[in-house]
Every structure is written in structure tokens, then in C-alpha cells.
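Tertiary structure, described
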Amino acid sequence: MSTSKRRRMLALGALALGAFGIGLTEFVVVGLLGPLGDDLDVSISTAGLLVTGYAASVAVGAPIMTAAGTRLPRKTMLIILMALFIAGNVLAARAPDYGVLMTGRVVSALCHGAFMGIGPVMAASLVAPERRSRAIALMMTGLTLSNVVGVPFGTALGQQLGWRAAFWGIAIIGAVSLAAIIAFVPSRANDTGGSLRTELAVFRRPQVWQVLTITMLGWGAAYAAITFMEPILTRVSGFDTGAVPWLLILFGIGLTGGNLLGGRLADRALMPTLYGTIAAATAALVVFAFAAPYAVPAAIMVFVLGAAGFAMVPVFQTRVMEVAKEAPSLASSVNAAAFNVGIALSAWFGGLAIDGGLGLIAPVWIGVALGLAALAVAAASGSAERRRETGPPAGLAAAPDTRARSLR
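If you check an unreviewed UniProt entry, the chain appears there as MFS transporter from Glycomyces tritici. One UniProt comment on the chain, placed under Subcellular location (unreviewed entry), says "Cell membrane".

Below, the structure written as C-alpha cells:
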């Protein structure tokens, strides 16, 4: 391996480690709600707001934090974000009460969206244009591995040594990531987000809003099943609760592979991959809806859902950077927020369907509807873009000149 390639891989590894820590801090609380509630004397539902509050803060904080740092070099911005991320987790680890813990969660979340928006832009800049989706996928592997390895380990650590130990562990991961970013991510003279006006200008383009809508709907489709995976597997498929962690590891293997495959395919043909990954994820949901009552087919589809769902991630991120290529940082960060909006909406609609007596499979069908909507928006966006590229038919273009000559 050449020196330059080794440096690129180390830089991508540093970004992936940051994504790993961010993914870990978002989801590790799910496995620690009981100990948290008991120690801080709050109900499970109140403790659950630590998850909701984090997701809401990501959605709000992504554009705000990115906009605040538009004139800073991207490496400098990543360093600041990771430092704040560490501070938020240290605050959470030392929290004397629920309010301080929530504050620490919010501080960490404010960094989440901006890091996951600026990080892919930096990752793409490290490689040739024809390899940018693969670079983004490699960075996102940190996020996927946080679900496969990090969350189970963090949950076990918190259960054995107390929930505070999990946050101390995340802070240490953040510190290692910060050191790696400083050491390995290159600094470049033109590596800034530009002016805020330039960053905001890209939101005048319909394509940017179309991509954000596709991300929200497509990711909402994937999470419609993911959110309710545990009760579906235990109450519909008939698995024992002890089998669920192993099934989630199977899911994690699928999502890691799907993420890397999506990046490779997007580098070859972005728009066909956009259509194909959304269609594949939607089709997987349909099959899962029918397979869920049967243990072996359901287990197979857990893997397929992970692969098909996460294949969309680098595709969506690359697409928003393409349509906002003059100023991608803010658009990429808002796209990261759109992922979280999709999660919140699908979980909300799925919960309403279950509470309405439609059964545990109802959220899966809601996911199918969201996936079809995402595919329709993607098709409309692609069609409009082709029309802009080809221009109006020759006859229509010539008509104004003919009329003008007749008047003369």
C-alpha cells in the first residue's frame, strides 16, 4: 500500500471512529433505561425521553451547528464538534440528576447531525470523484458497527458497572477519535464550507428538497420495521427473548454489508442505484410482512432488511452532495437531520397503528407505503433532471423565433 493511500485510509478510519462513537451514544441508552430510571428515580417513559430528546436535538442541531461553522475549515469544525461531543458525554456520565443527564444528551446530539453531515463531505474529498460513494460508505461503516458491536458491548458495560460507565466509555472513544482526526485528517487551504449565503443558496433548488424528501421517506420506510423489530420477532415470529440479540447481530451484519455494497454501486451509477436500493428495501418489507409469522424466513429477512435498508445510506448522502455540489456541507447536514425526521415519523405512525389495534405488522405496511412514496419522488426528481439536461424539443424552442420573424 502506498503512503498516500495509507494516509487516506487512516483519515477515513478516524472519521469512521467518530461515527462509531456517535452511533453508540445515540442508541446505547435503549438498553439502559431500567438502570437509569431506578438510579435517577424517574419512570421508564420519562427515561425514554432521553432517546426522543436526542433525536429531536439532532434534527434541530444539524443545520444550526453547520451554519455556525460555515467559514471554518472542515477539519477545524470536525475537531470542535468532537470536543463538544466528548464534553456532552462527560456531563452525562457525571450527571447528578435527570435534567443534567438530558442536557449532556442534548449537547452530544447537537454535534451528531453536523458531524454526520460534514464528515461525508470530508470523506468524499479524500478520494477521486469516482470513488466518493465508497469513501462515504467506509465512514458510515463506523455508524453501522456501532449497532452491531458497540451498543451490545455498551449495554453490557452499563449493566455490569453502572450506566455511567457506558458514557465514560463513549467519552474515551470520542477522545481517541479526536486525536485521530487531528493526526490523520488533512488540512487544506480551500477546505471551508464557504459563506452562509452560499450554503443557503443551494436550498433554492428543487432537487435539494426532493433529495431531503427521499431521505426522509426512504429511511422512514426502513425504520418502520426496525423500530418494532423486537416485538415482531418475539410476539409474531415466536422467538425467545434470548434469541433477539443474536438476530440483531445478524441484522447488523446485513446492514454493514449493505452499506458497503450501496457505496460501490452508487459510484458506478448513482441514479439507477437510488431507484434500485429504494425498490429493494420496499420489496424486502413486503416479503418480511408475509414471512414474519414463520421463524426461519423471518430470521432470513432480518438480514435482508439490514442489507437493503442500509444500502440506501451512502446513496442518499452522495445524491444530496451532487445536487448541492457548490456548497454541500449544510445540505449534507440537513440530510442527516432528514434521516432522524424519517425515524421519528415512522415510529410515530407505527405506534398509532399498533395502538389502533391494527397489529404489530401494521408498521411494516406503513414502511411499504413510505418506500413507494420515496420511489415516486425519486422517479419524479430523475425525470425532471433529465428534462433539464436535454432541454425543450427543437420545435418548441424554434416557435418563439418564428413568431418573432412573422411580426417583423
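1. What to know about the overall build of the chain
Looking only at helices and strands, the chain has 17 helices and zero strands in total. For 408 residues, the compact-globule formula gives about 22 Å, and the C-alpha radius of gyration of the chain, at 22 Å, lands near that figure. A total of 408 residues make up the chain; the buried ones form 52% of that total. Long-range contacts, defined here as pairs at least 24 residues apart, represent 84% of the contacts in the chain between residues at least 6 apart.

2. With respect to the side chain of T141
Within the element layout of this structure, T141 appears in helix α6 (residues 132-161). Its relative accessible area of 12% is what places T141 among the buried residues. A distance of 2.9 Å separates the side chain of T141 from the backbone oxygen of A137, its partner in a polar contact. For T141, the contacting residues outside a window of four places in its chain are T256, N259 and L260.

3. Side note on the packing of helix α5 (residues 98-125) against helix α15 (residues 328-355)
For any two helices packed against each other, one specifies the inter-axial angle together with the distance between the axes. Remark: α5 packs on α15, axes separated minimally by 7 Å, with the N-to-C direction vectors making an angle of 130 degrees. Overall, the two elements α5 and α15 adopt an arrangement that is oblique. The interaxial crossing formed by α5 with α15 has right-handed handedness. For the pair formed by α5 and α15, the contact residues are G113, A114, M116, G117, I118 and V121 on the first element and P328, S329, S332, S333 and A336 on the second.

4. Things to note about helix α13 (residues 295-310)
Side chains that are three or four residues apart share a direction in an α-helix, a result of its 3.6 residues per turn. Counted at 1.5 Å a residue, the expected span for α13 with its 16 residues is 22 Å, and the 23 Å between its end C-alpha atoms agrees. Looking at α13, one finds that the buried residues are A298, A299, M301, V302, L305, G306, A308, G309 and F310.

5. Points about α5
With 28 residues, α5 extends 41 Å from end C-alpha to end C-alpha; this agrees with the ideal 40 Å at 1.5 Å per step. Of all the bends found along α5, the most pronounced is centred on F115 and spans about 25 degrees. Here α5 lies mainly inside the structure; 21 of its 28 residues are buried. A distance of 3.2 Å separates the backbone nitrogen of G99 from a side-chain oxygen at the start of α5, and that oxygen is part of D97.

6. A closer look at the packing of helix α11 (residues 244-268) against helix α14 (residues 312-323)
Close contact between α11 and α14 brings their axes to 6 Å; oriented N to C, the two are set at 40 degrees. Between α11 and α14, the crossing angle belongs to the class labelled oblique. Between α11 and α14, the residues in contact are N259, G262, G263 and A266 and V313, P314 and V315, respectively. Here the residues of the contact of α11 with α14 sort into four nonpolar, three polar and no charged.

7. Quick word on the nonpolar core
In terms of nonpolar packing, the biggest core is built from 119 residues, with L101, F115, M116 and W219 touching the most fellow members. No other element matches the 13 residues that α5 contributes to this core. If we ignore the near neighbours within four places in the chain, the residues touching M116 are A19, I22, M139, M140, L143, Q317, S332 and A336.

8. Considerations on the pattern of salt bridges
Across all of its chains, the model carries four salt bridges by this definition. Across the salt bridge formed by R164 and D39, the nearest N and O atoms sit 3.8 Å from each other. Here the residue R164 occupies a position in helix α7 (residues 163-184), and D39 occupies one in helix α2 (residues 33-40), the gap between them amounting to 125 residues. Between E322 and R319 there is a salt bridge; the shortest N-O distance is 2.6 Å. A residue pair is termed a helical-turn pair when its members lie 3 or 4 positions apart in one helix, as E322 and R319 do in helix α14 at three residues. Ionic contacts of the salt-bridge type, sharing partners, join the residues R132, R319 and E322 into one network.

9. Focus: the layout of surface pockets
Empty pockets left among the atoms are what a rolling probe the size of a water molecule brings to light. By volume, the second largest pocket amounts to about 320 Å³. Along the walls of the second largest pocket sit 14 residues, with M9, R131, R134, A135 and L138 positioned nearest its centre. When residues of the lining of the second largest pocket are traced back to their parent elements, those giving at least two are α1 (3-27), α6 and α11. For the lining of the second largest pocket, the class distribution of residues is nine nonpolar, no polar and five charged.

10. Things to note about the environment of W168
Topologically, W168 is positioned in helix α7. Placed 213 residues apart in sequence, W168 and S381 show a C-alpha to C-alpha distance of 45 Å. When neighbours within four sequence positions are excluded, W168 is seen to be in contact with V90, A93 and R94.

11. Some thoughts on the confidence of the model for the chain
Model confidence for the chain is summarised by a mean pLDDT of 85, while 92% of its residues fall at 70 or above. For the chain, the element scoring lowest by mean pLDDT is helix α17 (residues 394-407), at 44; helix α12 (residues 270-291) scores highest, at 96. Note that residues 394-408 has pLDDT below 50 and, in this model, one contact with residues that lie over four places away or in other chains.

12. Quick word on empty space enclosed by the protein
In total, this model carries three cavities of 30 Å³ or more according to the counting rule given. Its volume calculated, the largest cavity comes out at about 230 Å³. Every residue lining the largest cavity is counted, 16 residues in all, and those nearest its centre are H112, L143, W219, F339 and N340. Grouping the amino acids of the lining of the largest cavity by side-chain chemistry returns 11 nonpolar, four polar and one charged.

13. Focus: the packing of aromatic side chains
A complete count under the given rule lists nine aromatic pairs for this structure. Centre to centre, the rings of F251 and F310 are 6.4 Å apart; their planes meet at 80 degrees, and the pair counts as edge-to-face. You can see F251 sitting in helix α11 and its partner F310 sitting in helix α13, a full 59 residues away along the chain. Each of the two residues, F251 as well as F310, counts as buried. Taken together, the ring pairs in this structure connect W219, Y223, F251, F310, F316 and F339 into an aromatic cluster.

Calculation criteria
Residues numbered from 1 in each chain as written. Predicted model: local features only at pLDDT ≥ 70, side-chain atom pairs only at ≥ 80, totals over all residues. Heavy atoms only, no water. UniProt positions renumbered as here; feature names shortened; annotations may be inferred. Helix = DSSP H or I, 4+ residues; strand = E, 2+ residues; numbered from the N terminus. Rg over C-alpha atoms; globule rule 2.2 N^0.38 Å. Buried < 20%, exposed > 50% of the residue type's maximum accessible area, 1.4 Å probe, protein only. Contact = heavy atoms within 4.5 Å. Polar contact = N/O pair within 3.5 Å; in protein donor to acceptor, adjacent residues only side chain to side chain. Axes fitted to C-alpha atoms, helices over the stretch in contact; angles between N-to-C directions. Parallel < 35°, antiparallel > 145°, perpendicular 65-115°, else oblique. Left-handed = near helix turned anticlockwise from the far one by under 90°. Expected span 1.5 Å × (residues − 1). Bend = angle between axes of the 7 residues up to and from the residue. Nonpolar A, V, L, I, M, F, W, Y, C, P; charged D, E, K, R; others polar. Core = buried A, V, L, I, M, F, W, Y, C linked by side-chain atoms within 4.5 Å. Salt bridge = Lys/Arg side-chain N within 4 Å of Asp/Glu carboxyl O. 1 Å grid on protein atoms, 1.4 Å probe; cavity = no way out; pocket = protein on both sides within 12 Å on 5 of 7 lines; lining within 4 Å. Points joined across faces, edges and corners; volume = space filled by probe spheres on them. pLDDT = per-residue confidence, 0-100. Phe/Tyr/Trp six-rings, centres within 6.5 Å; stacked < 30°, edge-to-face > 60°.

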